[in-house]
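Results of the structural survey
So the chains spell out like this:
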Amino acid sequence: MTTAALDSVIAASLADAGYSDVLAYDPVSGFRLLDRPDGAPGDADRVFAALGLTASNGVAPAGIDLFGATLERLVRSDGPPLALIADFASRLIVRSDALSPAEHQVFTRALVLSQAARARPVGPNRAPLFNTVIWIVDKEGDLPDWLTIDNPRLRHIPVSPPDRGVRRALAPHLVRTLPGAKTAAADVLRDAEDVLVDDTEGLLLMDLNAITQLARAEAVEVGEIGDAVRRYKVGVTEDAWKQIEREKIRDGATFISRRVIGQAHAVTHMLDIVKRAATGVSGAKRGGRPRGVAFLAGPTGVGKTELAKTITELLFGDESAYIRFDMSEFSAEQADQRLIGAPPGYVGYDVGGELTNAIREKPFSVVLFDEIEKAHPRILDKFLQILDDGVLTSGRGDRVYFSEALIVFTSNLGIYASDASGTRVANVTPDQPFAEVQARVRGEIESHFKLVLNRPEILNRIGENIIVFDFIRPEVAEQIFEAMLAAILRDAADAGYQLTLAPIAQSTLRDLCVSDLANGGRGIRNKLEAHLINPLARALFETEGEGRFVIEALEAGVTTSLVMRPA
């Protein structure tokens, strides 16, 4: 399979159409005359002289001002039909929505010339040909919109990335240049070709060449070409998932259960997702999809967000290393621009999107979308792209890959439902067994995505990874209370206060904290703050300094007070 530069392909097509000479221009080198398809050089001196250009070694340097003047001479030329390919035209201007005077002058001249240009019959068939200017840009929006919109003399011709057939034709040639290809079995080579074709959807041929160059430079064997594709896409040399200490994951249940109490089934399921990601058996690597996806549902305060934080700490050693988005902030229709960035011409275009920027900086991440049901339905289309293809296109046109990310959604869907009159009523209650809670919550989630949002495909991408959390049951509430109390006493000890609670005081505090579990573990924490931390801070503030103290009793009221004495 042979490849050719785009300008050479265009020049050959123009020659077939009857053009005698084709020039190319780029902002760095200036003008040059392209060779004819038969390999014969054009008469550069004649063409340059006709356009008023001074050439040296076949190249006529020209800045934007001279480019504009040459544009006019070319369009108005009466000689044999000429064509000009303005390559890298996106770089002619700094910002299409804020042109400098020189930039504005050039494109205003181009607009006027496009309307003034006239075709003339050429050749034996008297075909009408213009002196043509071809602008090669990254995106249509790179040129001023007033030049391109409603201009019948300027046609937008998109050049799509190579399709599967083109990639399939090129793959065998590239694969055979990889380390180990000469001695590899035929089936290994076929598998490598399949991976190269499947995993490079949306990439250019030069990207495929760059991937194989990367593989050769870093000694990536032919059977591991998928790893070279991953490195090229995300810009990370090492597979961070393979760097995770397996012993940490193996002991993950014990580690997580110290902070997420009473949700053993959720912890096990989440660890299974992490283990699939770490071992690479999830199938996500092949398609470029995220390494793992989890949808955590259940009542408030039961540990959904805490589980995401703890998984992050397990993987990174720092619970704050996750990327979190509160989806209640994305309820407006245009909120997707915050995630992926504003399009060209809009405020914030240069800043980029919060999500796309974060993933480009940290492709190996836990990404938490909190309370997903509060996001605008338009946002859900972006999630579908992430779950399906593992890629988002930012407002600036950059492709951002999620193939190394662990995606976690949390939701309170299914806890409440609407009755026949539209009134919001409890769908599940703490007195129901967990199996019933799980079935009811799952049913309501399916109904919401299928009937309310009309997005059943999102549920299909999540699959069996909807993890329903149980209510905080009384016996679990006792464990949470004990763990939180122990943490408070440790914090006090770190501050220099050795505290002991008398049995009667601890019993009173426990009753105050676990009597109402409507808000789950978060409610227990809030009550500990109201009935222990606040009155304790008041009491300690009045002491002479550090020391040992015994809390003998709690007196609950409008504000709780402590009976405390030095130990």
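Residues numbered from 1 in each chain as written. Predicted model: local features only at pLDDT ≥ 70, side-chain atom pairs only at ≥ 80, totals over all residues. Heavy atoms only, no water.

Turning to the overall build of the chain, a few remarks are in order. Along its length, the chain carries 23 helices and 19 strands. In terms of overall size, the chain is more extended than a compact globule, its C-alpha atoms giving a radius of gyration of 33 Å where 567 residues would be expected to give roughly 24 Å. Once the C-alpha set of the chain is aligned to its principal axes, its extents read approximately 105 × 60 × 60 Å. Residues classed as buried in the chain amount to 43% of the 567 residues present. Counting only carbon and sulfur atoms, one obtains 51% of the accessible surface of the chain, whose full area is about 28,200 Å². Averaging the coordinates of the 62 positive side-chain charges in the chain and doing the same for the 78 negative ones gives two points 3 Å apart. (Helix = DSSP H or I, 4+ residues; strand = E, 2+ residues; numbered from the N terminus. Rg over C-alpha atoms; globule rule 2.2 N^0.38 Å. Buried < 20%, exposed > 50% of the residue type's maximum accessible area, 1.4 Å probe, protein only. Areas by Shrake-Rupley, 256 points an atom, 1.4 Å probe, with all protein chains shown as cover. Lys, Arg positive; Asp, Glu negative; His and termini not counted. Charge placed at Lys NZ, Arg CZ, Asp CG, Glu CD.)

We now examine the pattern of salt bridges. As enumerated under the stated definition, the model contains 31 salt bridges in all. Linking arginine 338 and glutamate 329 is a salt bridge whose minimum nitrogen-to-oxygen distance equals 3.4 Å. Owing to a relative accessible area of 46%, glutamate 329 belongs among the partly exposed residues under this scheme. Where arginine 510 meets glutamate 482, a salt bridge forms, and the shortest distance between an N and an O atom there is 2.8 Å. Taken together, the residues arginine 510 in helix α22 (residues 503-514) and glutamate 482 in helix α21 (residues 474-494) connect sequence positions 28 residues apart. Through salt bridges that share partners, Glu218, Asp227, Arg230 and Arg231 make up one connected network. (Salt bridge = Lys/Arg side-chain N within 4 Å of Asp/Glu carboxyl O.)

Turning our eyes to something else, we now look at helix α3 (residues 64-76). With 13 residues, α3 should reach 18 Å at 1.5 Å per residue; the first-to-last C-alpha distance of 19 Å fits that figure. Taken together, the buried positions of α3 are Phe67, Gly68, Thr70, Leu71, Leu74 and Val75. Along α3, the residues classed as buried sweep out an arc of 165 degrees about the axis, all on the same side. (Expected span 1.5 Å × (residues − 1). Arc of directions from axis to C-beta.)

Moving on to the sheet that holds strand β19 (residues 561-566). Strand order in this open sheet of three strands is β17-β18-β19, and the pairing throughout is mixed. The sheet is open, and its two borders are formed by β17 (497-501) and β19, each paired with just one other strand. Taken pair by pair, the neighbouring strands of this sheet meet at an average axis angle of 35 degrees, ignoring direction. Along the sheet face, α22 touches β17 and β18 (547-555) and points at about 55 degrees away from the line of β18. (Pairing = 2+ DSSP bridges. Axes fitted to C-alpha atoms, helices over the stretch in contact; angles between N-to-C directions. Contact = heavy atoms within 4.5 Å.)

The strands making up a sheet associate through backbone hydrogen bonding, with each pair oriented either parallel or antiparallel. Across the sheet, which stays open at both edges, the five strands sit in the order β3-β2-β1-β4-β7 with mixed pairing between neighbours. Lying at the two open borders of the sheet, with one neighbouring strand each, are β3 (59-60) and β7 (132-135). Sheet analysis places strand β1 (residues 21-26) next to strand β4 (residues 82-86), joined by five bridges and oriented parallel. Within β4, the residue paired with valine 22 across the bridge is alanine 83. α3 rests against β1, β2 (30-33), β4 and β7 of the sheet, and its axis sits at about 140 degrees to β7.

Our focus in this paragraph is the pairing of β18. Sheet analysis places β17 next to β18, joined by five bridges and oriented parallel. Residue pairing for β18: threonine 500 is matched across the bridge by valine 550. Two elements, β18 and β19, share six bridges in a ladder whose sense is antiparallel. Following the sheet pairing, alanine 553 is matched in β19 by valine 563.

For the rest of this paragraph, the subject is the side chain of serine 394. Along the polypeptide, serine 394 turns up in the loop between β11 (391-393) and β12 (399-401). Note on serine 394: relative accessible area 10%, which makes it buried. If sequence neighbours within four positions are ignored, serine 394 has contacts with Ile340 and Thr356.

Moving on: the packing of helix α7 (residues 186-198) against helix α9 (residues 225-234). At a closest axis distance of 9 Å, the pairing of α7 and α9 adopts a crossing angle of 20 degrees. When the interaxial angle is binned, α7 and α9 end up roughly parallel. Two packed elements cross with a definite hand, and for α7 against α9 that hand is right-handed. Listed contacts from α9 to Ala192, Val195 and Leu196 of α7 are Ile225, Gly226 and Val229. Its residues assigned to classes, the contact of α7 with α9 shows five nonpolar, one polar and no charged. (Parallel < 35°, antiparallel > 145°, perpendicular 65-115°, else oblique. Left-handed = near helix turned anticlockwise from the far one by under 90°. Nonpolar A, V, L, I, M, F, W, Y, C, P; charged D, E, K, R; others polar.)

Moving on to the layout of surface pockets. Roughly 760 Å³ of internal volume is contained in the second largest pocket. Every residue lining the second largest pocket is counted, 31 residues in all, and those nearest its centre are Glu306, Met484, Gly521, Arg522 and Arg525. Elements that contribute at least two residues to the lining of the second largest pocket include exactly α15 (304-316), β13 (406-411), α21 and α23 (520-541). The leading source of residues in the lining of the second largest pocket is α21, at seven residues. Taken together, the residues of the lining of the second largest pocket break down into eleven nonpolar, eight polar and twelve charged. (1 Å grid on protein atoms, 1.4 Å probe; cavity = no way out; pocket = protein on both sides within 12 Å on 5 of 7 lines; lining within 4 Å. Points joined across faces, edges and corners; volume = space filled by probe spheres on them.)

Counting 57 residues, the largest nonpolar core has Met270, Leu307, Ile311, Leu406 and Ile524 as its most contacted members. In this structure, isoleucine 311 is in contact with Ile256, Met270, Leu271, Val274, Val366 and Leu406, ignoring residues within four places of it in sequence. Core analysis: the next-biggest nonpolar cluster, separate from the first, contains 43 residues, Ala375, Leu384, Leu453 and Val468 among them. (Core = buried A, V, L, I, M, F, W, Y, C linked by side-chain atoms within 4.5 Å.)

What follows is about helix α18 (residues 377-389). The terminal C-alpha atoms of α18 lie 19 Å apart, and with 13 residues this matches the ideal 18 Å at 1.5 Å per residue to within 8%. Downstream of α18 by a residue or two, glycine 390 has a phi angle that is positive, lying close to 70 degrees.

This brings us to the packing of helix α8 (residues 205-217) against α9. Contact pair α8 / α9: the axes reach a minimum separation of 9 Å and the direction vectors enclose 115 degrees. Taken together, the axes of α8 and α9 lie roughly perpendicular to each other. α9 is crossed by α8, and the crossing has right-handed handedness. In contact with Asp207, Ala210, Ile211, Leu214 and Ala215 of α8, α9 contributes Ile225, Ala228, Val229, Arg231 and Tyr232. Classifying every residue of the contact of α8 with α9 gives eight nonpolar, no polar and two charged.

To continue, consider the confidence of the model for the chain. Averaged over every residue, the pLDDT of the chain is 87; residues scoring 70 or more account for 96%. Across the chain, strand β16 (residues 466-468) holds the top mean pLDDT of 95, while helix α14 (residues 284-287) sits lowest at 54. (pLDDT = per-residue confidence, 0-100.)

Attention now goes to empty space enclosed by the protein. With the rule as written, the count across this model stands at one cavity of 30 Å³ or more. Volume-wise, the largest cavity comes out at about 30 Å³. Phe295, Ile372, Leu380, Phe383, Phe409, Phe449, Ile458 and Ile462 together form the lining of the largest cavity. Broken down by secondary-structure element, the contributors of at least two residues to the lining of the largest cavity are α18 and α20 (456-462). Tallied by class, residues from the lining of the largest cavity come to eight nonpolar, no polar and no charged.

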